[in-house]
Amino acid sequence: MPARIYYCDVHTIDLPTGHRFPSGKYKLVRDLLACDGFTLQLAPFAPVDLIKLVHSERYVGDFLSGSLSPSAVRRIGFPWSDGLVRRTLTSLGGTLAAADDALKQGWGANLAGGTHHAFADEGAGYCVFNDLAVTIQWLRRDGRIRRAAVVDLDVHQGDGTARIFSGDPDVFTVSMHCQSNFPLRKQESKLDIELGDRTRDDEYLAALDFVLPQALAFRPDIILYQAGVDGLHSDQLGHLALTHAGLRERDRRVMLAARSHDIPLVTTLGGGYSLPLELTVEAHANVYRTAWEVFN
């Protein structure tokens, strides 16, 4: 296990009353893991030059300066603020730092990130910059890896990641998601598994057992794991019917696959929108608890 797990929730997002995004979950997850004895560290700001390895210079500049068009802001789903800029930069910085830990120690973790709906020139679905893509391009630029796999188990398709790496033979993008869910217009990952509404644990895990051997056969130098918990049966936006036990088994299988093949694994938080919020918090915390069990 790494010496630290990165967090960014001290940088708050200014949201209007009634906004659907559960921004309070991040601190609650951190508090729960701190009580469990995990060591947590504030994530660094991501360098802007690394963000531009994936995102267009115009889009990056417009976001950082608050010059995005109203329609671009609506697609992201958050009102622009200085706090959003700080939060975005540290969310991405946490994944970069976690990847560095993973390459050195086998596993790295970020209590944010997994912003898989962000495209090269625009954000969408609560995602500004695509931390998964930026991390891969940074590691490849510096010669630390050649091939990477993204195992995206959020309930929503990782459309931005799929588009960014479309046609790239050295990045294997996997998305296992609910077919009827956002985004309405899907992109083409290297491997897409589309699940029906109310899919339960047994069917879900059987699909995962089909996916993991293909990701391993790609022989990646690193796996980035988008560990969203919005497939939980109580999730407002999920449409699936997974239990806490099913999600823990999902995480265990992904992590054991990476460890048994000596592939560094980066874990990012992803989505979770259950009510009450405590159900999402518990599910997110379980991802990192499972990692402790597998990597120690």
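Structural data are supplied above this passage.
Residues numbered from 1 in each chain as written. Predicted model: local features only at pLDDT ≥ 70, side-chain atom pairs only at ≥ 80, totals over all residues. Heavy atoms only, no water.

(A) A look at helix α8 (residues 201–217). The terminal C-alpha atoms of α8 lie 25 Å apart, and with 17 residues this matches the ideal 24 Å at 1.5 Å per residue to within 8%. Three or more residues of α8 are buried, namely D201, Y204, L205, A207, L208, V211, L212, A215 and L216. Looking straight down α8, one finds its buried side chains confined to an arc of 160°; they lie on one side. For α8, the exposed residues set more than 90 degrees away from the buried face come down to D202 and A217. Turning to α8, the residues buried within the fold contact β4 (148–152), β5 (171–178), β6 (191–195) and α9 (244–260). (Helix = DSSP H or I, 4+ residues; strand = E, 2+ residues; numbered from the N terminus. Expected span 1.5 Å × (residues − 1). Buried < 20%, exposed > 50% of the residue type's maximum accessible area, 1.4 Å probe, protein only. Arc of directions from axis to C-beta. Contact = heavy atoms within 4.5 Å.)

(B) Spotlight on the nonpolar core. In terms of nonpolar packing, the biggest core is built from 96 residues, with M176, L265 and Y288 touching the most fellow members. The dominant element in this core, judged by the number of residues it contributes, is helix α5 (residues 82–105), at 9 residues. Leave out the neighbours within four places in its chain, and L265 touches A102, G106, W107, G108, I223, Y225, V254, M255, A258 and F295. (Core = buried A, V, L, I, M, F, W, Y, C linked by side-chain atoms within 4.5 Å.)

(C) A look at the packing of helix α1 (residues 25–35) against helix α10 (residues 277–295). The interhelical angle for the contact between α1 and α10, taken along N-to-C directions, is 50°, at an axis separation of 9 Å. With respect to α10, the axis of α1 lies oblique. The way α1 lies across α10 gives a crossing that is right-handed. The segment α1 lies against α10, with K25, L28, V29, L32 and L33 engaging L277, T280, V281, E282, H284, A285, Y288 and R289. Split into classes, the residues belonging to the contact of α1 with α10 amount to 8 nonpolar, 2 polar and 3 charged. (Axes fitted to C-alpha atoms, helices over the stretch in contact; angles between N-to-C directions. Parallel < 35°, antiparallel > 145°, perpendicular 65-115°, else oblique. Left-handed = near helix turned anticlockwise from the far one by under 90°. Nonpolar A, V, L, I, M, F, W, Y, C, P; charged D, E, K, R; others polar.)

(D) Fine view of the pattern of salt bridges. Inspection of every chain in the model, using the stated rule, returns 20 salt bridges. Between D100 and R144 there is a salt bridge, with the nearest N and O atoms lying 2.8 Å from each other. You can see D100 sitting in helix α5 and its partner R144 sitting in the loop between α6 (131–141) and β4, a full 44 residues away along the chain. Across the pair R252 and E249 runs a salt bridge, and its minimum N-O distance is 2.6 Å. Residue R252 and its partner E249 are both found in helix α9; the two are separated by 3 residues, about one turn of the helix. Its relative accessible area of 19% is what places E249 among the buried residues. What you see here is one network of salt bridges that share partners, running through D209, E249, R252 and R253. (Salt bridge = Lys/Arg side-chain N within 4 Å of Asp/Glu carboxyl O.)

(E) A look at the packing of α8 against α9. Their axes nearest at 10 Å, the elements α8 and α9 cross at an angle of 15°. Classed by the angle they form, the pair α8 and α9 counts as roughly parallel. With respect to the hand of their crossing, α8 and α9 are arranged in right-handed fashion. Where α8 approaches α9, its residues D201, Y204, L205, L208, D209, L212 and L216 are matched on the opposing element by G246, E249, R250, R253, V254 and A257. For the contact of α8 with α9, the per-class residue count stands at 7 nonpolar, 1 polar and 5 charged.

(F) Highlighting the pairing of β4. Counted residue by residue, β4 has 5 buried out of 5 residues, so it is predominantly covered. Where burial is concerned, the two faces of β4 agree: the one with A148, V150 and D152 and the one with A149 and V151 are both buried. Of the pairings in the sheet, the one linking β4 to β5 comprises 5 bridges and is parallel in character. Across the sheet, V151 pairs through a bridge with V174, a residue of β5. Across 5 bridges, the pairing between β4 and strand β7 (residues 222–226) is parallel. Bridged to V150 within β7 is L224. (Pairing = 2+ DSSP bridges.)

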